[in-house]
Structures are given as C-alpha cells and as structure tokens.
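Structural characterization, general
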Amino acid sequence: MIYLDSSAIVKRYISEPGSDYVKSIYLSSYTGNIKLAFNIWNVGEVLGVIDRARMRKLITDDEYRIAKLRFLRETLRLSRLGILTLIPIKFPILRDAWAMIEKHHIYQADAIQVVSARFVNADEVVTADERLYQVLIDEGLKARYLG
C-alpha cells in the first residue's frame, strides 16, 4: 500500500521533478503490484494546486482542463477497480490529526496525511513536502521524499 500526499499526486498530472517516480507507482498499481491510498481531502488540494498552476501561467487553460479531468477520471476509475483506497474524513482521523498538530506544530492538512497513512497501514508514504517528510519519519513511517 502506497500512500500519496497531494504534492505527490500532482506530479502525476503536471510534469515536474519526481513525476517519473509517481508515474511508475501508478503503472505498478494498474498491473496489480501495489495498491494506492489517499484521503478524500487530497482531491480538493490537488484541484487547488492545478488551478494555482494555471493562474500563475505555469500551465495553459487547456493543460489545466486536461490535468483536472485526468485526475478526477483516474481517481474514480482506480477507486472503482479497488486499486485506490479513498479514505474518508471521519472523527477518529480528525481527532488524531489534532493531536498531531500540537505534537509537530503542522497544518491540519499535513496532520491528516500522517494519520491517514497510518490508518491504512501504508508501506510507504510519498511526498514532495520536506517538512511533512520529516514528520512522517519522526512518526516511524517509511517515507519517500521527491524533493
């Protein structure tokens, strides 16, 4: 089970450093070698990042529409196929995230990532967020930083 945070998911749809690794993860999931997981919270975050890339003129309007549709369609397809576990935001996750916020002085979004990865017993968490990577390591989770 590979848990992807928003910074890693975006690399599937917008080409940047680390995109090749994320692409290989998705391809491995299609062949049945691994399962993926992320929190439903990530959907909004990824859409926001793609939109900001468009607003900053890093991608064109057409590239934005394509990336957005690819992300939403692939997320639904992988979920229906049982390849992707979409973790809902439930009280126990929020409660544990609040404790993580106080312990590590991080944003709720990052705390939700740590707790969600633990919730699904992720074998690896993939992130391009250096601060989150350090918290994951401090919490005893195996993590890969895409820098």
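Up top you'll find the structure we're talking about.
Considerations on the overall build of the chain
The secondary structure content of the chain amounts to 7 helices and 5 strands. Secondary structure of the chain in N-to-C order comes out as β-α-α-β-α-α-β-α-α-β-α-β. Computed over its C-alpha atoms, the radius of gyration of the chain comes to 15 Å, within 12% of the 15 Å expected for a compact globule of 147 residues. Along the three orthogonal principal directions, the C-alpha set of the chain runs to about 40 × 35 × 25 Å. Here the chain holds 147 residues, and 44% of them are scored as buried. Taking contacts inside the chain between residues at least 6 apart in sequence as the whole, the part at least 24 apart equals 62%.

Looking at helix α2 (residues 19–30)
Three or four residues apart is the spacing at which side chains of an α-helix point the same way, because the helix has 3.6 residues per turn. If you check α2, its first and last C-alpha atoms are 17 Å apart, about what 12 residues at 1.5 Å a residue would give, namely 16 Å. Three or more residues of α2 are buried, namely Ser19, Val22, Ile25, Tyr26 and Ser29. For α2, the arc enclosing every buried residue in end-on projection is 120°, short of the 170-degree limit, so these residues lie on one face. Downstream of α2 by one or two residues, Gly32 has phi in the positive range, about 85°.

Overview of the environment of Thr31
Inspection of the secondary structure assignment puts Thr31 in the loop between α2 and β2 (36–39). Thr31 sits in the exposed class, given a relative accessible area of 54%. C-alpha of Thr31 to C-alpha of Ile83: the two residues are 52 residues apart in sequence and 9.7 Å apart in space. In this structure the side chain of Thr31 is engaged in a polar contact, spanning 2.9 Å, whose partner is the side chain of Asn33.

Conventions and cut-offs
Residues numbered from 1 in each chain as written. Predicted model: local features only at pLDDT ≥ 70, side-chain atom pairs only at ≥ 80, totals over all residues. Heavy atoms only, no water. Helix = DSSP H or I, 4+ residues; strand = E, 2+ residues; numbered from the N terminus. Rg over C-alpha atoms; globule rule 2.2 N^0.38 Å. Buried < 20%, exposed > 50% of the residue type's maximum accessible area, 1.4 Å probe, protein only. Contact = heavy atoms within 4.5 Å. Expected span 1.5 Å × (residues − 1). Arc of directions from axis to C-beta. Polar contact = N/O pair within 3.5 Å; in protein donor to acceptor, adjacent residues only side chain to side chain.

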